[in-house]
Number of protein chains: 2
Amino acid sequence: MNSHGDGVRVTGTDVADRLRRQSRRMTAPRQAVLDALRGHDHPLSIKEIFAALTNQLCDLVTVYRSMHLLEEMRVVNRFDFGDGVARYELAKEGDDGHHHHLICTSCAVVIELDDCFPHELQQRIASHSGFKAVTHRLEFFGLCPRCQDPTPSRC
Amino acid sequence: MNSHGDGVRVTGTDVADRLRRQSRRMTAPRQAVLDALRGHDHPLSIKEIFAALTNQLCDLVTVYRSMHLLEEMRVVNRFDFGDGVARYELAKEGDDGHHHHLICTSCAVVIELDDCFPHELQQRIASHSGFKAVTHRLEFFGLCPRCQDPTPSRC
DNA sequence: ATCGCTGCAAAAATTTTGCAGGTAA
DNA sequence: TTACCTGCAAAATTTTTGCAGCGAT
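Bear in mind the structure is a predicted one, so any value in this text is a computation, not a measurement.

### Digging into the protein's contact with DNA strand D
No. 1: What surrounds DNA strand D is a group of 20 residues, the closest being Arg30(A), Thr62(A), Arg25(B), Lys47(B) and Tyr64(B).
No. 2: Of all DNA strand D atoms lying within 4 Å of any protein atom, the proportion belonging to sugar or phosphate reaches 65%.
No. 3: At 2.5 Å, a side-chain N or O of Arg25(B) approaches a base nitrogen of DNA strand D.
No. 4: One of the side-chain nitrogen or oxygen atoms of Arg65(B) is found 3.5 Å away from a base oxygen of DNA strand D.
No. 5: Looking at the surface near DNA strand D, the elements with two or more residues in it are helix 2 (28-38) and helix 4 (60-72) of chain A together with helix 4 (60-72) of chain B.
No. 6: Top element by residues in the surface near DNA strand D is helix 4 of chain B. It accounts for four residues.
No. 7: Residue composition of the surface near DNA strand D, by class: seven nonpolar, four polar and nine charged.

### With respect to the protein's contact with DNA strand C
No. 1: What surrounds DNA strand C is a group of 20 residues, the closest being Lys47(A), Tyr64(A), His68(A), Arg30(B) and Thr62(B).
No. 2: The contact atoms of DNA strand C, taken as those within 4 Å of the protein, divide so that sugar and phosphate hold 68%.
No. 3: Residue Lys47(A) places a side-chain N or O atom 2.7 Å away from a phosphate oxygen belonging to DNA strand C.
No. 4: One of the side-chain nitrogen or oxygen atoms of Arg25(B) is found 3.0 Å away from a base oxygen of DNA strand C.
No. 5: For the surface near DNA strand C, the secondary-structure elements that each account for two or more residues are helix 4 of chain A together with helix 2 (28-38) and helix 4 of chain B.
No. 6: For the surface near DNA strand C, the leading source of residues is helix 4 of chain A, giving four residues.
No. 7: Partitioning the surface near DNA strand C into residue classes produces seven nonpolar, four polar and nine charged.

### Structural notes on the relation of the copies chain B and chain A
No. 1: The two copies are related by a screw operation: chain B maps onto chain A through 180° of rotation and 0.1 Å of translation along the axis, at an RMSD of 0.4 Å. Look at the turn and shift together and you get a two-fold axis relating the two. Within chain B, the C-alpha atom positioned nearest to the axis of rotation is that of Leu138(B), 2.1 Å from it.
No. 2: Here 97% of the contact residues of chain B are again contact residues in chain A; the copies associate through an equivalent surface.

### Details of the interface of chain B and chain A
Much of the literature gives interface size as the accessible area that the parts lose upon coming together.
No. 1: Taken together, the contact between chain B and chain A spans 35 residues of the former and 34 residues of the latter.
No. 2: Taking both partners together, chain B and chain A bury about 2700 Å²; carbon and sulfur atoms supply 69% of that area.
No. 3: Applying the counting criterion to the chain B and chain A interface returns zero salt bridges.
No. 4: Between chain B and chain A we count 10 residue pairs in polar contact (both at pLDDT 80 or more) in total.
No. 5: Looking at the side of chain B that touches chain A, the elements with two or more residues in it are strand 2 (76-80), strand 4 (100-104), strand 5 (110-113), helix 5 (119-129), strand 6 (132-143) and helix 6 (145-148) of chain B.
No. 6: The greatest single-element share of the side of chain B that touches chain A, amounting to 12 residues, is contributed by strand 6 of chain B.
No. 7: Its residues assigned to classes, the side of chain B that touches chain A comprises 19 nonpolar, nine polar and seven charged.
No. 8: In the sheet, strand 6 (residues 132-143) of chain A pairs with strand 6 of chain B via nine bridges, with the strands oriented antiparallel. Bridge pairing links Lys132(A) to Leu143(B) in strand 6 of chain B.

### Remarks on unusual backbone geometry
No. 1: Although it is not a glycine, Ala133(A) adopts a positive phi angle of roughly 50°.
No. 2: Residue placement: Ala133(A) occurs in strand 6.
No. 3: The exposed category is assigned to Ala133(A), whose relative accessible area is 67%.
No. 4: Non-glycine residue Ser23(B) carries a positive phi angle of around 50°.
No. 5: Within the secondary structure, Ser23(B) is located in the loop between helix 1 (12-21) and helix 2.

Calculation rules
- Residues numbered from 1 in each chain as written.
- Chains lettered and ligands numbered in written order.
- Predicted model: local features only at pLDDT ≥ 70, side-chain atom pairs only at ≥ 80, totals over all residues.
- Heavy atoms only, no water.
- Near = heavy atom within 4 Å.
- Polar contact = N/O pair within 3.5 Å; in protein donor to acceptor, adjacent residues only side chain to side chain.
- Helix = DSSP H or I, 4+ residues; strand = E, 2+ residues; numbered from the N terminus.
- Nonpolar A, V, L, I, M, F, W, Y, C, P; charged D, E, K, R; others polar.
- Least-squares fit on C-alpha atoms with pLDDT ≥ 70 in both.
- Contact = heavy atoms within 4.5 Å.
- Buried area = accessible area lost by both parts, 1.4 Å probe.
- Salt bridge = Lys/Arg side-chain N within 4 Å of Asp/Glu carboxyl O.
- Pairing = 2+ DSSP bridges.
- Buried < 20%, exposed > 50% of the residue type's maximum accessible area, 1.4 Å probe, protein only.

Structure, rendered in structure tokens:
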């Protein structure tokens, strides 16, 4: 089932099936939102997604509603870079999409980090506190190589 | 210099001095905001701070402006629990206030964590990526003991 | 007496909601 | 055909800005 070239990425067909299973519908705006996310390898804000839609395909409100639905369905993951703007990234198949980012505080370039580190620390925190179902959000910030360079080459 | 009972917490006098050094002023609203933060051991949102002011002492706009200034002066630290609401906590003297929280996803109780994510891993990320001045934001989420209990005792 | 700070009003920016009509299944 | 989805408008939030007057130093 479903194994084209794009590998682990969620495909439109998958999402359509999952939508149908919940008696929701695959529509042009939702396709377009997913395409926009597929075209980028880092999280996009609502406005960035909206801007990426060809021909202003749908209303901004529809993007909001789509992202709410897709997040609830766990088709996308929401990330927060501490600036109050929610950013969304396509979840990958077969995992919960849990990972972290390294963001340049100057030019906002985003590096995807594959490792997730604090699991052991998380376990310890869970057992110390008595909390269950403990998860975490972790993002790194710093100055990327280009932005360290005084030369004014647009970063 | 300055050593009353409240120990490592920033005192009003300290902040007044720091303000004066930057030719800013210690005013009643700023005092009240600091008092509100002192009265709580977990981060407060702008609206919570505003609500905590006695007698609606100042305008909401002033709270916004105060928090911007105090954050810039590093008198307070801003935290983000992933819900798009900025929360502020009084910084402690002598350290940068860097720490993390464990937040109940059901009742929003906040546990202050003293541990910090291993700096060594952060170093490794920095050297792998070439980023400088790398920092991070890390918050934990889970279900607190009271909220695990089905008994309806308000949490 | 400065010059920073505040309140008020208003603008700007972001997100949600209601409803009539369009459309996927 | 059903009921989900969308556009449009409007409301509700959240945050920022302008400006005249107040007030800390």
